[in-house]
Structures are given as C-alpha cells and as structure tokens.
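# Remarks on the overall topology
Residues per chain are reported as follows:
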Amino acid sequence: MENLRRGMALQIHEAWILLFVIPALVTPAAITHEDYPADEGDQTSRHSNCPCVCTEDGPVCDQPECPKIHPKCTKVEHNGCCPECKEVKNFCEYHGKNYKILEEFKPSPCEWCRCEPSNEVHCVVADCAVPECVNPVYEPEQCCPVCKNGPNCFAGTTIIPAGIEVKVDDCNICHCHNGDWWKPAQCSKRECQGKQAL
C-alpha cells in the first residue's frame, strides 16, 4: 500500500511540474508572431496579399475573383490582393522598331504600314502595273519600275519606241502593237537588194 501511495504522489508531482512549472518557464519572447500572427477574430494580411481573419483553425483568407490582366500589359504589380496592370503597351513593334498608335510609316518603297490601336501593324504592298516598255528601271525610293524612255517594244534585238514607224534596216519598217508592247514589233518588208527581212 505504501508503494501505491508513493507511486501516486510521484504521478501527482509530475503532473504539477507539467501544469505549473514548464509553462512558467516559457516566456512571451519564446512565442513568435509567426507562430501565432494575431488573436482570434483579428484581421491581418500577413500570410497573403488578400485580407485574412484569424480563427481557432488558423487564418482564413478571402480570395476574390481577380479581373483578368490586359494581354498588352507590360508592367504588373502584386501589391494588393489582386495583381494590377500598371502599364499597357501603347505602341507597335515592327522589325525591331517601335511606332506610336496610328503612326504611318514605309519600311520599304513598296510597303505602306500603320500601327493600329490593337498594337498590330497592318501593311499594304504596292501592286505595280505592268510597265509599258521592255526596259523598265527601278529608281531609288520608288517601288514600281518606270519606263524612262516611254513605251517601247522589241524589233528583233532592237528596242523601238511605240507610236511611230521605225526603219530598222534597209528592208524593214516596224512599229509596236498598240497596247501590246510585250509582243514583238510588227514589221513590213520593203523592196531591198540582197538583204533579208526580219
């Protein structure tokens, strides 16, 4: 019986140490705010950018449905509960260069482009008419070829101007077809001695 009393006394003594001595040794500095950020019912935003309320089971945070970020957004900040777009792209980029909205530009002599409000570049490429000569030339800063000597055509290997008859040799007089400059010239043979017509 005596052993039973001693055993119970020992258990009571151990329980007293657990209940009263150990909690007294734990100072307020030993409990950090990271473990217990706030009292129950307090509002905080320590664990999230969204507002949280402390409960017995831990923080309960409100996570609202955030608006979508604009696809042209170039600068996003995450300071609040929802990310915010702070800067929207207001220019177009084309071949490494930036252009203002509605700005028109010519990246080449044959292209006319414009920076649209959608931040996209739309271009039109010149549709050149077929030149009315067999020897067109390309001038600098000009898209389409030009006939510097006017309309013309070939008479054999000779280029003759359109609109007039041209004596190409002693036997033949030629002229270009009206509007059909790509066709060889129409030639008529005259009497000649010892020479062949084209």
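Quick look at the structure, then. (Residues numbered from 1 in each chain as written. Predicted model: local features only at pLDDT ≥ 70, side-chain atom pairs only at ≥ 80, totals over all residues. Heavy atoms only, no water.)

### Notes on the state of the cysteines
By the definition in use, this model includes nine disulfides. In this model, Cys113 is linked to Cys123 through a disulfide, with the two sulfur atoms separated by 2.0 Å. On the sign convention where negative means left-handed, the S-S torsion of about 110° between Cys113 and Cys123 marks this disulfide as right-handed. Note that Cys113 is positioned in strand 9 (residues 111–115) and Cys123 in strand 10 (residues 121–125), a separation of 10 residues in sequence. Note on Cys113: relative accessible area 4%, which makes it buried. Residue class for Cys123 comes out partly exposed when judged on its relative accessible area of 31%. Covalent S-S linkage joins Cys153 and Cys176, the inter-sulfur distance amounting to 2.0 Å. (Disulfide = S-S within 2.5 Å. Helix = DSSP H or I, 4+ residues; strand = E, 2+ residues; numbered from the N terminus. Buried < 20%, exposed > 50% of the residue type's maximum accessible area, 1.4 Å probe, protein only.)

### Here we look at the packing of aromatic side chains
Tallied over the full model, the rule gives two aromatic pairs. Relative to Phe105, the ring of Tyr94 has its centre 5.8 Å away and its plane inclined at 55°; by these criteria the two rings are tilted. Taken together, the residues Tyr94 in strand 6 (residues 91–94) and Phe105 in strand 8 (residues 104–108) connect sequence positions 11 residues apart. There is no split in this pair, since Tyr94 and Phe105 are both buried. Ring geometry for Tyr99 and Phe105: centres 3.5 Å apart, planes at 5°, overall stacked. Judged by relative accessible area, Tyr99 falls into the buried class, the value being 13%. One aromatic cluster is present, built from ring pairs that chain together Tyr94, Tyr99 and Phe105. (Phe/Tyr/Trp six-rings, centres within 6.5 Å; stacked < 30°, edge-to-face > 60°.)

### So, the pairing of strand 11 (residues 152–155)
Sheet topology note: the strand 11/strand 12 (residues 158–161) ladder contains four bridges and is antiparallel. Of the residues in strand 12, the one forming a bridge with Phe154 is Ile159. Hairpin connection of strand 11 to strand 12: two residues between the antiparallel strands, including Gly156 at a positive phi of 70°. (Pairing = 2+ DSSP bridges.)

### What about the sheet that holds strand 8?
Sheet architecture is open: three strands sit in the order 8-9-10, paired in antiparallel fashion. The sheet terminates laterally at strand 8 and strand 10, the two strands that pair on one side only. For this sheet the average axis-to-axis angle between neighbouring strands, irrespective of direction, equals 30°. Bridge count for strand 8 against strand 9 is three bridges, and the pairing is antiparallel. (Axes fitted to C-alpha atoms, helices over the stretch in contact; angles between N-to-C directions.)

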